[in-house]
Amino acid sequence: MKTLTSRQLQVLEFIQDSIRVANMPPTIAEITVAMGFGSTNAARGHLQALERKGAIELIPNSSRGIRLVQAGAFEPGLPLVGRVAAGRPLLAEENIEDYRPVDPSFFSPRADYLLRVLGESMRHAGILDGDLLAVHRSPTADNGQIVVARLQDEVTVKRLRRTGQVVYLEAENPGFPAIEVDLKQETLALEGIAVGVVRNL
């Protein structure tokens, strides 16, 4: 499997959609507008990267000179989120390290992304430092579920307990105290619930 960045994948999907709907590939100008690029040079750069990775072939001196190669061979798998940039959405491009060849439907509910685990706070739940946690995106969770939560600019993996307006984010390691969040004074955003662990991938 070739690894495409999220932006490269968006460009490839736009090309595939154009061919399916209009029965011809888009022009560079159409890609520039559709992707919101500031110039056609940005579109050309993405097309050249897709060609280098074997996803497309560029045909010189043609306004629609794009040919798909091995359509379907570039399924991205699940995005792997590494160290999270402060203030950025979890699945922002700068947070995505890579894509891993993991079938999202292997998990129930279906996984939307993988999060690289840092630290030993969830060790007793079988989630170890360096593991890839499979996460289903959800803004809500039940008491007792392991969640990915955002507090200000910090993202943490903990077990959720809620009592009224107070949420406790509990570690699965006695060396780590619970994080107490008073929802009347602080904002807690749930990024998803843990649905599995991938190790040594």
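Residues numbered from 1 in each chain as written. Predicted model: local features only at pLDDT ≥ 70, side-chain atom pairs only at ≥ 80, totals over all residues. Heavy atoms only, no water.

A.B. asks: Please provide a residue-by-residue account of helix α3 (residues 40-52), values included.
C.D. replies: Its 13 residues give α3 an end-to-end C-alpha distance of 18 Å, which sits within 8% of 18 Å, the value for a rise of 1.5 Å per residue. Taken as a whole, α3 has its buried residues at A43, H46, L47, A49 and L50. Looking straight down α3, one finds its buried side chains confined to an arc of 160°; they lie on one side. Turned more than 90 degrees from where α3 packs its buried face, N41 and R52 sit exposed. Residues of α3 that are buried make contact with α1 (6-22), α2 (28-35), β1 (56-58) and β2 (66-68). (Helix = DSSP H or I, 4+ residues; strand = E, 2+ residues; numbered from the N terminus. Expected span 1.5 Å × (residues − 1). Buried < 20%, exposed > 50% of the residue type's maximum accessible area, 1.4 Å probe, protein only. Arc of directions from axis to C-beta. Contact = heavy atoms within 4.5 Å.)

A.B. asks: Got a sec to walk through α1? Specific residues and values, please.
C.D. replies: An ideal rise of 1.5 Å per residue puts 24 Å on 17 residues; α1 measures up with 24 Å between its terminal C-alpha atoms. Buried residues belonging to α1 abut α2, α3, β1, β2 and β4 (96-100). Just past α1, the residue N23 takes up positive phi, approximately 65°.

A.B. asks: Help me get a handle on the side chain of R150, residues and values and all.
C.D. replies: With respect to the helices, strands and loops of the structure, R150 is situated in strand β7 (residues 146-151). Taking relative accessible area as the criterion, R150 reaches 11% and is therefore assigned buried. A polar contact is formed between the side chain of R150 and the side chain of E191, at a distance of 3.0 Å. (Polar contact = N/O pair within 3.5 Å; in protein donor to acceptor, adjacent residues only side chain to side chain.)

A.B. asks: Describe the packing of α2 against α3, and please don't skip the residues or the numbers.
C.D. replies: α3 packs onto α2 with a crossing angle of 100° between their chain directions and a minimal axis gap of 8 Å. The angle between the axes of α2 and α3 places the two elements in the roughly perpendicular class. Where α2 approaches α3, its residues I28, I31 and T32 are matched on the opposing element by T40, A43, R44 and L47. A per-class count over the contact of α2 with α3 returns four nonpolar, two polar and one charged. (Axes fitted to C-alpha atoms, helices over the stretch in contact; angles between N-to-C directions. Parallel < 35°, antiparallel > 145°, perpendicular 65-115°, else oblique. Nonpolar A, V, L, I, M, F, W, Y, C, P; charged D, E, K, R; others polar.)

A.B. asks: Lay out the pattern of salt bridges with the relevant residues and their values.
C.D. replies: One pass over the full model with this rule turns up seven salt bridges. Two residues, E57 and R67, come together in a salt bridge whose shortest N-O distance is 2.5 Å. Taken together, the residues span a long stretch of sequence, with E57 in strand β1 and R67 in strand β2 at a distance of 10 residues. For R67, a relative accessible area of 43% translates into the label partly exposed. (Salt bridge = Lys/Arg side-chain N within 4 Å of Asp/Glu carboxyl O.)

A.B. asks: Tell me what's going on with the layout of surface pockets, and back it up with residues and numbers.
C.D. replies: The calculated volume of the largest pocket comes to roughly 440 Å³. Lining the largest pocket are 20 residues, with L118, E154, V155, T156 and V157 sitting closest to its centre. For the lining of the largest pocket, the secondary structure elements donating two or more residues are β5 (113-116) and β8 (154-163). Top element by residues in the lining of the largest pocket is β8. It accounts for five residues. (1 Å grid on protein atoms, 1.4 Å probe; cavity = no way out; pocket = protein on both sides within 12 Å on 5 of 7 lines; lining within 4 Å. Points joined across faces, edges and corners; volume = space filled by probe spheres on them.)

A.B. asks: If you had to explain the nonpolar core to someone new, which residues and values would you point to?
C.D. replies: Core analysis: the largest hydrophobic core is formed by 20 residues, its most contacted members being F107, L114, V147, L169 and L188. For this core, the secondary structure elements donating two or more residues are β3 (78-81), β6 (132-136), β7, β9 (166-170) and β11 (188-198). The biggest single contributor to this core is β11, with five residues. With sequence-adjacent residues up to four places away left out, L114 is seen in contact with L78, P79, L80, V81, R100, V102, L132, L133, A134 and V198. (Core = buried A, V, L, I, M, F, W, Y, C linked by side-chain atoms within 4.5 Å.)

A.B. asks: Would you mind going over the packing of α1 against α3 in detail, with residue names and values included?
C.D. replies: As a packed pair, α1 and α3 sit with axes 10 Å apart at the nearest point and diverge in direction by 90°. By the angle between their axes, α1 is roughly perpendicular relative to α3. Contacts between α1 and α3 pair R7, Q8, V11, L12 and I15 from the former with H46, L47, A49 and L50 from the latter. Tallied by class, residues from the contact of α1 with α3 come to six nonpolar, two polar and one charged.

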